[in-house]
Amino acid sequence: MDSLQKKFLRLKGEKKAVVLAHNYQRREIQEVADYVGDSLGLSYAAQKAQGEVILFCGVHFMAETAKIVNPEKKVLMPDLHAGCSLADSCPADKLRAYLEKNPGLYVVSYVNCTAAVKALSDVICTSGNAERIVQRVPADREILFLPDRNLGDWVMQKTGRKMRLWDGDCYVHMEFTAASIDRIRKEHPEAPVVAHPECTRAVRALADEVCSTEKMVGYCRSSPAKEFIVVTEEGMLHRLRREMPDKVFIAGPTDHCACSECRYMKMNTLEKAVLALENLSPEVDLSAEIIDRAKTPIARMLEWSRN
Ligand code: 13P
Ligand code: SF4
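Below or above, wherever it landed, is the structure these notes cover. Here the structure is a predicted model, which is why all the values come from computation and not from measurement. (Residues numbered from 1 in each chain as written. Chains lettered and ligands numbered in written order. Predicted model: local features only at pLDDT ≥ 70, side-chain atom pairs only at ≥ 80, totals over all residues. Heavy atoms only, no water.)

## Observations regarding the site of ligand 1
Near ligand 1 you find His22, Tyr24, Asp38, Ser39, Tyr110, Asn112, Ser127, His173, His196, Glu198, Ser212 and Thr213, and these make up its full shell. Here an oxygen atom of ligand 1 sits 2.7 Å away from a polar atom, N or O, in the side chain of serine 127. In the model, an oxygen atom of ligand 1 is placed 2.6 Å from a nitrogen or oxygen of the threonine 213 side chain. (Near = heavy atom within 4 Å. Polar contact = N/O pair within 3.5 Å; in protein donor to acceptor, adjacent residues only side chain to side chain.)

Right under this line is the structure:
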């Protein structure tokens, strides 16, 4: 452990902070977090966090979700500008206008959206529970699934349920192509390919397993294989290597580089995390009205995915 990590842990204790980190965070942040996981696990961890402060090392919509499920806490981020191209693809005013023109739709929103979009939704889902959530929507309702058309397409494939899809995508997962994944598969014919559902259908078709980042950990742990090709953001490899040091994890390449990085997730650094604890800032700020409206679809998700 280096001296900055030691300083961080000392401050974390002094400020009674709970540190939550997404699987795509930098290795040095994952190593000092109280909990590292996917969006679904982070929502549960935020809901039951006991400290006075939550330091959320992930992107803005995830920290907003933490604030919505645990509004009494001060929710900090290392960098408030850590956004998400997918969340940006569905602005709340555009969604509101669409729903006014198309009344009666049941809105299932992937958690990668702003709090204002969540406030307009009927239920939220994550990549870890999307299939289950969609199956729970009353059969007589037409679903609008947003904002990721690739995740929506994967859920339609899995459930057989037709949905209207918002035309959004994640720029990181769009960088993987069938050609780039086929090439690495040929180089490592024994390695199962594990891909995130935000990848295109052509890439998903080449995968042995398509799942959320948390389920990737379970899949690789229970598989007898010794090496795996991991088709998602490169931070995931730190988590996998830390938990399974005896296995080999190969980053899925794109057509341009050996792995894919999310520029937003990488805005968070340990230096900024230390400053956030020192200054108890920057803080995620949401109006009471948005918190109130967004908490119902999130609570519905947490309840539907529990039983
Ligand atoms: P997970 O919930 O699977 O970790 O995905 C979050 C995300 O942002 C994927 O790009
Ligand atoms: Fe958003 Fe994609 Fe980054 Fe995930 S990887 S936070 S979906 S831009």
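## Here we look at the packing of helix 3 (residues 39–47) against helix 4 (residues 60–69)
How two helices sit against one another is set out by the angle between their axes and by the gap between those axes. Contact geometry of helix 3 with helix 4 gives a least axis separation of 8 Å together with a crossing angle of 35 degrees. Considering only the axes of helix 3 and helix 4, their crossing is right-handed. The residues of helix 4 that touch helix 3, namely those facing Ser39, Leu42, Ser43, Ala46 and Gln47, are Met62, Thr65, Ala66 and Val69. Here the residues of the contact of helix 3 with helix 4 are counted per class, giving five nonpolar, four polar and no charged. (Axes fitted to C-alpha atoms, helices over the stretch in contact; angles between N-to-C directions. Helix = DSSP H or I, 4+ residues; strand = E, 2+ residues; numbered from the N terminus. Left-handed = near helix turned anticlockwise from the far one by under 90°. Contact = heavy atoms within 4.5 Å. Nonpolar A, V, L, I, M, F, W, Y, C, P; charged D, E, K, R; others polar.)

## So, the sheet that holds strand 6 (residues 123–125)
Within the open sheet, the four strands sit side by side as 6-5-7-8. Their pairing is parallel. Bordering the open sheet on either side are strand 6 and strand 8 (164–165), each of which pairs with just one other strand. The sheet contact formed by strand 7 (residues 143–146) and strand 8 spans two bridges and is parallel. Directly across from leucine 144, in strand 8, lies its bridge partner arginine 164. Packed on one face of the sheet, helix 15 (residues 288–306) meets strand 5 (106–110) and strand 6 and runs near 55 degrees to strand 6. (Pairing = 2+ DSSP bridges.)

## Remarks on the environment of valine 111
Examined against the element boundaries, valine 111 turns out to sit in the loop between strand 5 and helix 7 (115–118). Valine 111 gets classed as buried once you look at its relative accessible area, which sits at 2%. Not counting chain neighbours up to four residues away, the residues in contact with valine 111 comprise Ser39, Phe61, Thr65, Lys118, Ile124, Cys125 and Thr126. (Buried < 20%, exposed > 50% of the residue type's maximum accessible area, 1.4 Å probe, protein only.)

Fair warning: the whole summary comes from geometry, so function is off the table for now.
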